[in-house]
Amino acid sequence: MQYTKPPLTFEEQADLLIGRGMLGERDLIIARLSVVNYYRLSGYWHPFKEISGDTFRAGTTFDTVWTRYVFDRRLRLLMMDAIERIEIAVRTRLAYEHAHAFGVFGYMDDPPSLPKLTPAARSDFLAAVAEETRRSREVFVQHFFAKYGDTHACLPVWEATEIMAFGTLLTFFTGSPHAVKKAVADQFGVPWGVLRSWLLTLNTVRNTCAHHGRLWNRVLGTKPLLPDGANYPDWAEPVRIRNEKIFGVLTLCRHCLRQVAPQSAWPERLQALLAEFSTIPLTSMGFSPDWEDSPLWQ
């Protein structure tokens, strides 16, 4: 089928929404459509559509849609703050444990230091690190090669982990020996397999945030493993944490920050955001009505 829809002016976009039952001041709708794309906002008004057809349910206002968009933007900023702290802590501890186990350059020249990688996977990993090093414009990278480049072709592990892309870092973590992975995961109080799953989810969420995608009611494509309730009862009683929506990710962030940044006011900032946008339906985010009774949120 050939796509034949013509481009619409902002005025025509506003009139289309109003014609479908959206309530709101036309000039304000036009102004907001001129700075936030129609199809970006469509994800926020989709829940207000009638089951059949393109019309909106009676009483749907553009202000309500806009409020959800603004809330989601604020939520993404808060999420990025948590992910940054967690990621930096992982980079720091992984470099520390690996260096003390295998030396400064063991990750590069000692194959047993990455026993969980096949030769082909290790080769790909080293190539990725080399390319990321080549592209880096960090001052510490330039300083190292200016001073030691006549002898060393690669960075010390604690510098290399700082310039690795997140995917490369995950490969480094996954390929490391069990003792190294366990030491990193112990810092977060979970098994290493759970931590790896969390990092995969956080990477997906971070990409969504970086591209300003809708986050608040998204069903996660990369769901995090949650600690089993038998060994980690706080995740099951009196509130069972679910992993298919953003509340599960918020909870794992809360748990991680309690371990690596206990002084952080991040939980209070989240609760303040929820209070400020009290009309946002938390069930759409995966919150249960009694979520604040969970020990993980106390």
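Residues numbered from 1 in each chain as written. Predicted model: local features only at pLDDT ≥ 70, side-chain atom pairs only at ≥ 80, totals over all residues. Heavy atoms only, no water.

Asker: In this structure, what is going on with the overall build of the chain? I would like to understand it.
Answerer: Along the backbone of the chain there are 13 helices and 0 strands. Reading the secondary structure of the chain in the N-to-C direction produces α-α-α-α-α-α-α-α-α-α-α-α-α. Taken along the three principal axes of its C-alpha coordinates, the chain extends 70 × 50 × 40 Å. For the chain, with 298 residues in total, the buried portion stands at 45%. Sequence separation of at least 24 residues holds for 66% of the intrachain contacts in the chain that already meet a minimum separation of 6. Only carbon and sulfur atoms are counted for the fraction: they give 54% of the accessible area of the chain, which is about 15200 Å². Positive and negative side-chain charges in the chain, numbering 33 and 32 respectively, have mean positions lying 3 Å apart. (Helix = DSSP H or I, 4+ residues; strand = E, 2+ residues; numbered from the N terminus. Buried < 20%, exposed > 50% of the residue type's maximum accessible area, 1.4 Å probe, protein only. Contact = heavy atoms within 4.5 Å. Areas by Shrake-Rupley, 256 points an atom, 1.4 Å probe, with all protein chains shown as cover. Lys, Arg positive; Asp, Glu negative; His and termini not counted. Charge placed at Lys NZ, Arg CZ, Asp CG, Glu CD.)

Asker: For this particular structure, what's the right way to read the packing of helix H4 (residues 62-102) against helix H12 (residues 246-260)?
Answerer: Geometry of a packed helix pair, given as the angle between the helix axes and the separation of the axes. Contact pair H4 / H12: the axes reach a minimum separation of 10 Å and the direction vectors enclose 45°. Judged by the inter-axis angle, H4 sits oblique to H12. Where H4 crosses over H12, the two elements pack in a sense that is left-handed. Contacts between H4 and H12 pair Leu75, Met79, Ala82, Arg85, Ile86 and Ala89 from the former with Ile246, Val249, Leu250, Cys253, Cys256, Leu257 and Val260 from the latter. (Axes fitted to C-alpha atoms, helices over the stretch in contact; angles between N-to-C directions. Parallel < 35°, antiparallel > 145°, perpendicular 65-115°, else oblique. Left-handed = near helix turned anticlockwise from the far one by under 90°.)

Asker: Is there a simple way to explain the pattern of salt bridges in this structure?
Answerer: Oppositely charged side chains are able to pair whenever their charged atoms sit close together. All chains considered together, the criterion is met by 15 salt bridges. Close ionic contact of aspartate 54 with lysine 49 constitutes a salt bridge, the shortest N to O distance being 3.7 Å. The partner of arginine 134 in a salt bridge is glutamate 131, with the nearest N and O atoms 2.6 Å apart. Of this pair, arginine 134 and glutamate 131 are both found in helix H6 (residues 119-135), 3 residues apart, which corresponds to roughly one turn of the helix. Taking relative accessible area as the criterion, glutamate 131 reaches 29% and is therefore assigned partly exposed. It is possible to trace a salt-bridge network through shared partners that takes in Arg20, Lys49 and Asp54. (Salt bridge = Lys/Arg side-chain N within 4 Å of Asp/Glu carboxyl O.)

Asker: Where do I start with helix H3 (residues 38-45) in this structure?
Answerer: An α-helix turns once every 3.6 residues. As a result, residues three or four positions apart point the same way. By the criterion of burial, H3 is predominantly enclosed, with 6 of the 8 residues buried. By the N-cap criterion, in which a side-chain oxygen at the helix start approaches the backbone nitrogen of a residue two or three places on, H3 is capped by asparagine 37, the distance to tyrosine 39 being 2.7 Å. (Polar contact = N/O pair within 3.5 Å; in protein donor to acceptor, adjacent residues only side chain to side chain.)

Asker: Would you mind showing me how to read the side chain of arginine 91 here?
Answerer: Topologically, arginine 91 is positioned in helix H4. Of note is the side chain of arginine 91, whose polar atom sits 2.7 Å from the side chain of glutamate 87. Setting aside anything within four residues of it in sequence, one finds arginine 91 in contact with Thr161, Glu162, Met164, Ala165, Phe166 and Leu169.

Asker: Which parts of the structure should I look at to understand the environment of aspartate 109?
Answerer: Along the chain, aspartate 109 falls in helix H5 (residues 106-109). In this structure aspartate 109 comes out as exposed when scored by relative accessible area, which is 55%. In this structure, the C-alpha to C-alpha distance between aspartate 109 and leucine 126, residues 17 residues apart in sequence, is 9.6 Å.

Asker: Hey, could you run me through helix H11 (residues 192-210) in this one?
Answerer: In a regular helix each residue adds 1.5 Å, so 19 residues correspond to 27 Å; H11 covers 26 Å between its end C-alpha atoms and thus fits that length. If you check which residues of H11 are buried, you get Val194, Leu195, Ser197, Trp198, Leu199, Thr201, Leu202, Asn203, Val205, Thr208 and Cys209. The inward-facing, buried residues of H11 abut H4, helix H9 (166-175), helix H10 (178-186) and H12. With its phi angle positive at about 60°, histidine 212 sits one or two positions after the end of H11. (Expected span 1.5 Å × (residues − 1).)

Asker: What's the story with the environment of proline 156 in this structure? I'm lost.
Answerer: In this fold, proline 156 is placed in the loop between helix H7 (139-148) and helix H8 (157-163). As for proline 156 and lysine 245, which are separated by 89 residues in sequence, their C-alpha atoms are 38 Å apart. Contact partners of proline 156, with chain neighbours within four places excluded, come to Val104, Phe105, Tyr107 and Phe144.

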